[in-house]
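Here's the letter readout for the chains.
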Amino acid sequence: MQSSMDTEKPISSGSISGSDSVGFLIGQRVHFVGDTRRIGTVKYVGAVEGYGGNWIGVDWDNGDGKHDGSHNGVRYFEAQGPKSASFVRPHNLSSGFPLLKALELRYHGESTEEEEDEMYVLSASNKRVSIELLGKDKIQNKLSQFEELTSASLAYLGVSSAGPPGHINTTIPRLKELDLTGNLLSDWREIAAICKELPALVTLNLSYNIMSHDISGMPLLNHIKVVVLNHTGIGWKQVEMLKDSIPLVEELHLMGNKLRGITPLSSDIVHGFDSLRLLNLENNFIAAWDEILKLSQLKRLEQLFLNNNCISHIWYPDHNPLSEPPNSHELLGESFRPFQNLRCLLVGGNKIEDFSSIDTLNLFPNLLDIRLSENPIADPRKGGVPRFVLIARLAKVEILNGSQVSPRERKDSEIRYVRLVMSKCQDNPEEIKKLHPRFAELKKFHGIEDEKAATGATGPQKMSSSLISITLKCVAASIGEKVPLSKKLPATTTVGKLKILCESFFKIKSVKPKLFLQEEGSPLPTLLDDDMASLIDFGVGNGSTILVEEEC
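Scoring rules and cut-offs
- Residues numbered from 1 in each chain as written.
- Predicted model: local features only at pLDDT ≥ 70, side-chain atom pairs only at ≥ 80, totals over all residues.
- Heavy atoms only, no water.
- Buried < 20%, exposed > 50% of the residue type's maximum accessible area, 1.4 Å probe, protein only.
- Helix = DSSP H or I, 4+ residues; strand = E, 2+ residues; numbered from the N terminus.
- Arc of directions from axis to C-beta.
- Contact = heavy atoms within 4.5 Å.
- Core = buried A, V, L, I, M, F, W, Y, C linked by side-chain atoms within 4.5 Å.
- Polar contact = N/O pair within 3.5 Å; in protein donor to acceptor, adjacent residues only side chain to side chain.
- Pairing = 2+ DSSP bridges.
- Salt bridge = Lys/Arg side-chain N within 4 Å of Asp/Glu carboxyl O.

**Comments concerning helix α14 (residues 495-505)**
Residues of α14 that are buried include every one of Val-495, Gly-496, Leu-498, Lys-499 and Cys-502, and no others. Summarising the axial view, the buried residues of α14 lie within an arc of 160°, below the 170-degree limit, and thus occupy one face. Facing away from the buried surface of α14 by more than 90 degrees, the exposed residues are Ile-500 and Ser-504.

**Topic: the environment of Ser-312**
With respect to the helices and strands, Ser-312 occurs in the loop between β19 (303-305) and α7 (328-332). For Ser-312, a relative accessible area of 38% puts it in the partly exposed group. Taking the C-alpha atoms as reference points, Ser-312 and Ala-288, separated by 24 residues in sequence, lie 7.6 Å from one another. The residues touching Ser-312, leaving out its near neighbours within four places in the chain, are Ala-287, Lys-351, Ile-352, Glu-353, Asp-354 and Ser-357.

**A look at the nonpolar core**
Nonpolar side chains tend to gather and get buried jointly when the protein is soluble and globular. With 120 residues, the main nonpolar core has Leu-178, Leu-281 and Leu-304 as its most contacted residues. When neighbours within four sequence positions are excluded, Leu-281 is seen to be in contact with Trp-236, Leu-254, Leu-259, Ile-262, Ile-286, Leu-295, Leu-304, Phe-305, Leu-306 and Asn-309.

**Topic: unusual backbone geometry**
In this structure, Phe-273 is a non-glycine residue whose phi angle is positive, near 50°. In this structure, Phe-273 sits in the loop between β17 (251-253) and β18 (278-280). Phe-273 gets classed as buried once you look at its relative accessible area, which sits at 7%. At Asn-283, a residue that is not glycine, the phi angle is positive and equals roughly 60°. Mapped onto the fold, Asn-283 is located in the loop between β18 and α6 (289-293).

**Quick word on the environment of His-213**
Note on placement: His-213 falls in the loop between β15 (203-205) and β16 (226-228). When the C-alpha atoms of His-213 and Lys-237 are compared, they prove to be 8.6 Å apart, with 24 residues separating the residues in sequence. In this structure the side chain of His-213 is engaged in a polar contact, spanning 3.0 Å, whose partner is the backbone oxygen of Gly-233.

**Describing the sheet that holds strand β21 (residues 369-371)**
Pairing between the strands of a sheet comes from backbone hydrogen bonds, and it takes one of two forms, parallel or antiparallel. Reading across from one edge, β12-β14-β15-β16-β17-β18-β19-β20-β21-β22-β23 is the order of the eleven strands in this open sheet, with mixed pairing throughout. In this open sheet, the two edge strands, each paired with only one partner strand, are β12 (151-153) and β23 (403-404). Pairing between β16 and β17: three bridges, direction parallel. Its bridge partner being in β17, Val-228 is matched across the sheet by His-253.

**Overview of the side chain of Arg-393**
Mapped onto the secondary structure, Arg-393 falls in helix α9 (residues 387-393). Polar side-chain contacts of Arg-393 include one of 2.9 Å to the side chain of Asp-359. Not counting residues up to four positions away in its chain, the partners in contact with Arg-393 are Phe-355, Ile-358, Asp-359, Asn-362, Tyr-417, Leu-435, His-436, Pro-437 and Arg-438.

**Structural notes on the pattern of salt bridges**
Throughout the structure, instances matching the rule amount to 18 salt bridges. For Glu-302, the salt bridge goes to Arg-343, with nearest N and O atoms at 3.5 Å. In this pair, Glu-302 sits in the loop between α6 and β19 while Arg-343 sits in the loop between α7 and β20 (344-346), placing the two residues 41 residues apart along the sequence. Assessed through its relative accessible area of 37%, Arg-343 is described here as partly exposed. A single salt-bridge network, built from bridges that share partners, covers Arg-410, Glu-414, Arg-438 and Glu-441.

**Section: the pairing of strand β26 (residues 513-518)**
One ladder, built from six bridges, connects β26 with strand β28 (residues 544-550); its direction is antiparallel. The residue of β28 that forms the bridge with Pro-513 is Glu-550. Sheet topology note: the β26/strand β27 (residues 526-527) ladder contains two bridges and is antiparallel. By the bridge assignment, Phe-516 is partnered in β27 with Leu-527.

Below is the structure:
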C-alpha cells in the first residue's frame, strides 16, 4: 500500500512552502513543494481507506505518479494515465503565490545557472531569445527597482494569481515581454488581471499552464501582439472566444494542444484576426486539409506553421469549387484570393505522398517559403523524390526546407528534372502532360532538345552526348585521404556498377563502398541505396558530387 502514496519528504526551498491545512479544491493546479516543475491537477480531497487524515489526489502533468486514481480496489478519481496519479499529504503541496512574489524570488535572490538559462521569450520562429535584465546586478532589496524592467521570465515558479489590484502596475509598469511558462495559472480572470495592469505588455507566454475552457468576461486587451498558448489544452472554440479580447494580435502559437480541427463559432470560415500574421499549429492532430481552408480568408496571414500534424493531401480552393468555403469572395471582395498573403507554409513531418499536393502549392499567390521535409514525398529513403525534383516542380519557392534556393540551384534542378522526365517518359507525351505539369514549360525555357534529334550522330558522338560529369569524393575513414576524382559516365550507369568502379578508381580491396549524393542546399546527403537504379533515377546530373563512404 505504501507504494501508492506520495510520502517523500519535501525539499527545502526557502520561501516556497506548502499548506498545513487541506485548503485545496477539485481542479486546482498545484506543484510539489520544493519541485516547481512537478505540476498537477487536484482531482480528489479527503480520506483514503486504510490511512488516517486528509489526502490530496493529484494527477501529474508529466505522468510521474504511482496509480490511475484508484487504491486497493477503490476508485477515487480518473487519471490521465495508468501511473500519472498519487495521493499526497496537504503539507507537501503548494497552490502557488502571486506574480510579484515570483518576481522577487527570481530576481532578488541568487539565480542558479538553470534559472539563468530560462530567461527567454519565444521569437516568431518559436525559438528562445535571451532576455537582458536591466540592472539585474543592482536589484537587491526593493521592488521599486523593477520599474525599468521590460522583459521577465518567470517560468516554473508557481505563479497562480495576479495578486492585490494595483501592485503589478506600480512595480513593473514598463514590462513588454512576460514569460509565464509552466506555472499554476488556469483561470482567465487572473490572466486578464495581469494584462490590465501591464499597459505596455506586447508578448505573453502561457505555455504549459492548463487553461480553463471558460473565457467569458475577458476585457479588451488591444496592446497584446504576441500570444503563446502551447500545451495549454486550449481548443479552437476557446480561441474564437479569445479573439475579441486580443483584436490586434499578430502572432498566435497553439502548439501541442491536440487540435483536430478548426471550429468557427458562427460560419464555415474563420473571421476576425484582422492583424494576425503568424499562426502556429504545429504538433497537433489535424488531418483534413478542409480544416486548414477555414483559415484561407485571413487577409493578413503570412506564416502558417503546420509541422508534425497528420495532413496527407493539400489542395487550393480555386481548383475545388465545390469544396470552397461559401460566400468567401463576397465577404472580402471579388479580387481577394484564398491565402492571399501567405508566403511561408511549413508542413514538415506530415503524411504527404502525392505529387498533386506539391504541384498545387504553385497556385498559392505569394508562397515563397515551404517546408516539406519528413513527408514521404520528400524522403528518397521512403520512395520520395530528391530536393532537385521539388525545386523544379515548385516554380516560385525561394526557401525549401529551411535552405535558400539560389538561381544556380534552380537552373540546375530544372534541367536535371527535364532530363529525368525525358529518360522515363520519352515515348508517352500524354503521361508527361498529366504527371509533370511544368515539363513542357521548363523544356522550352531551357532550350532542351529531344534526344531523337541526334539520330544522325555516330555511335561515339551519341554516347558522348549522354555522358554526365561527376566528382567522386572519398570520405571513408579507413581508406585514408584520397584526391577527389572527376569522371564522365553514362547517365544510365547503375549505382551497383558505380560502386564497382569506385573500388577500381580508389584501389579499394577490403572495403565495400556506400554512396551518397551531396546536393547544394540540402542539409544531409542522399543515400544511393538501390543498386539497380541508375544515376539519373537519383537525379545525379552534370556537376554532381558523390561521396564514397564505407559499409559499417
